[in-house]
Amino acid sequence: MTIFQEFSISDLFEEIKVPKRILKRNLKPTGKTPCYSSQRHNNGRVGYCLDEPDFLIDSNRTNYVIFGDHTKTMHIVNESFCVTDNVKVLLPRVNQRRVLQYIFAQWKRAIPSKGYARHWSEAKHASITLPVLRRSGSFFDLNDIDLEYIENTMRGYEQKCLANMLSRSTIAKQVSMSEFDLTDTELSNNEKIALEHVREQKGMWKKFRLGDLFDKLPTKYASKEGRRPEISDRQTEIFSLPLVSAKKSCNGINAWSRPTDFPSFENTISIIYNGAVSAGLAYYQKDETGILSDSYLLQLKEGKLSLLSGLYFATAIERAVYQKYSRDHKATWSNRVENEEILLPVTTPKNTESQDFEIIDFALIESYMSALAKQAICHASDISARKAEIAEAFLKS
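Counting from 1, residues in each chain are numbered in the order their sequence is written. Per-residue local features of the predicted model are confined to residues with pLDDT of at least 70, and side-chain atom pairs are confined, for both listing and counting, to 80 or more; whole-chain, interface and lining totals are unaffected and use all residues. The basis for every side-chain value is the complete set of heavy atoms in the structure, and neither hydrogens nor water enter the calculation.

(A) Molecular detail of helix H7 (residues 307-321). Each helix is a run of DSSP H or I of at least 4 residues and each strand a run of E of at least 2, with the numbering of both proceeding from the N terminus. Any helix carries an expected span of 1.5 Å times its number of residues minus one. A rise of 1.5 Å per residue sets the reference length of H7, with its 15 residues, at 21 Å; its end C-alpha atoms lie 21 Å apart and thus fit the reference within 8%. Regarding H7, the residues found buried are Leu308, Ser309, Gly310, Tyr312, Phe313, Ala314, Ala316, Ile317, Ala320 and Val321. Using a 1.4 Å probe on the protein chains alone, a residue whose accessible area is under 20% of its type maximum counts as buried, one over 50% counts as exposed, and one in between counts as partly exposed.

Here's what the structure looks like:
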């Protein structure tokens, strides 16, 4: 029978002092040194900088661990790097990949959720239980951890994930979704024309001021006895309303609340105005959504966005805003983002004689986004199959 022993996080990791933090505005898509942040995706890598790496990989240090203070993320880094804000850098005292992933899973469960508040103050004092080998004495140290048990457990989990991935790639083209028919990947003439029109900017285009297109919605919640309403870090039957904060993934959604506790709106675009790596991000919110912090919601003054046009507008807004704003220069609405402009295709209504009266060409936008969706669907099965091949080769290594 396997026995388990409690280990403190300080037993398993050593915190390394961060000499400097790279600002988001100085990051490049390519460059000399990779930079890591607290984001959940891409293993935490957020871009590159021109600085020399602050943390070096060599024969003595083969791995580091990045802990995202706000996001409670943990990533293994095996390349020399720098970091941005809200990151703790740890030196693991065990280096096997699967063992670290096992530890991460236990560690995350031991850290209470604080939403987008900082977690390190709690995380560094956490303790977890790990399988250990039987000894004659009662004292256990890191050398007693049952590495074989952990490796076998994680291999079994990886095999289940691989089987699930293979299953998804097999049925990808046979599944229908509420928004898209995955079996329809043939481009219509209108979609072909729209692709060419947008990519080469043919026809009529016009710049629109965001403040002329959108209204900022009232999303401040009513405090209860001076405190914020209760929230959950996962969606449940009771906590069903998604809330947006400064999160660079998952549509900015970082918590859920009771539907009556926060003002909510559907068919909106959320903009994050604060955050080390998230200031200026824009997301289309199809369903009822509220604001937890560091964000706001916009709604068209006239008309209503569809899923496709909403995604188009959110992307256009993000391109106009993201590189201009940061934690030090927040993407607030009044006198800042409301004055930014986006370039949109326009057309002249058939029922008017004036050639100077132009309106946004929503039909073209819909056709263009539909074409992009079909192209993505067309490649999805091949991409999924390729991922499965890579994963299978990786598991055999």
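(B) Spatial organisation of the packing of aromatic side chains. Note on ring pairs: Phe, Tyr and Trp rings are taken, using the six-membered ring of Trp, and paired if centres are within 6.5 Å. Classes follow the plane angle, with under 30 degrees stacked, over 60 edge-to-face and the rest tilted. The tally for this structure, following the rule as stated, stands at 16 aromatic pairs. Ring geometry for Phe55 and Phe81: centres 5.1 Å apart, planes at 25°, overall stacked. Remark: Phe81 occurs in the loop between strand E6 (74-77) and strand E7 (82-83) and Phe55 occurs in the loop between strand E4 (45-49) and strand E5 (64-68); sequence separation between them is 26 residues. Per residue, the accessibility class of Phe55 equals that of Phe81, and both read buried. Members of the aromatic cluster, connected to one another through ring pairs, are Phe214, Tyr312, Phe313, Phe362 and Tyr368. The lysine or arginine in question, Lys220, covers the ring of Tyr221, its NZ or CZ lying 5.8 Å from the ring centre. A ring has a charge above it when a Lys NZ or an Arg CZ is no more than 6 Å from the ring centre and no more than 35 degrees off the ring normal.

(C) Main features of the sheet that holds strand E11 (residues 214-216). Spatial ordering of the open sheet is given by E11-E18-E15-E16, a layout of four strands whose pairing is antiparallel. Lying at the two open borders of the sheet, with one neighbouring strand each, are E11 and strand E16 (282-285). Averaged over all adjacent pairs, the angle separating strand axes in this sheet is 30°, with direction ignored. Bridge analysis of strand E15 (residues 268-272) against E16 gives four bridges, and the strand direction is antiparallel. Within E16, the residue paired with Ile269 across the bridge is Tyr284. We call two residues in contact whenever any of their non-hydrogen atoms come within 4.5 Å of each other. Only the stretch in contact is used when fitting a helix axis, every axis being a line fitted to C-alpha atoms; angles between N-to-C directions are given from 0 to 180 degrees. Contacts from H7 reach E11, E15 and E16 within the one sheet, and its direction differs from that of E16 by about 165°. Criterion used throughout: strands pair if DSSP finds at least two bridges between them.

(D) Spatial organisation of the state of the cysteines. Disulfide: a pair of cysteine sulfur atoms within 2.5 Å of each other. Summed over all chains, the structure comprises zero disulfides. In this model Cys35 remains outside any disulfide bridge; the closest cysteine sulfur is found in Cys49, 3.3 Å from its own. The exposure class of Cys35 is buried, given its relative accessible area of 0%. Residue Cys49 is classed as buried on the basis of its relative accessible area of 1%.

(E) Summary view of the pairing of strand E14 (residues 253-257). Where burial is concerned, most of E14 is hidden: five out of the five residues are buried. The pairing of strand E12 (residues 231-232) with E14 spans two bridges and is classified as antiparallel. Directly across from Ile231, in E14, lies its bridge partner Ser257. Here four bridges tie strand E13 (residues 241-244) to E14, and the two strands are oriented antiparallel to one another. Bridge assignment links Leu241 to a residue of E14, and that residue is Ser257.

(F) Up close: the pairing of E6. Neither face of E6 is exposed, since Met74 and Ile76 on one face and His75 and Val77 on the opposite face are all buried. Examined bridge by bridge, E5 and E6 share four bridges and lie antiparallel to one another. Within E6, the residue paired with Val65 across the bridge is Ile76. Counting the residues between successive antiparallel strands, the hairpin from E5 to E6 contains five residues, one of them, Lys72, with a positive phi of roughly 60°.

Spatial relationships are all this shows, so hold off on functional conclusions.
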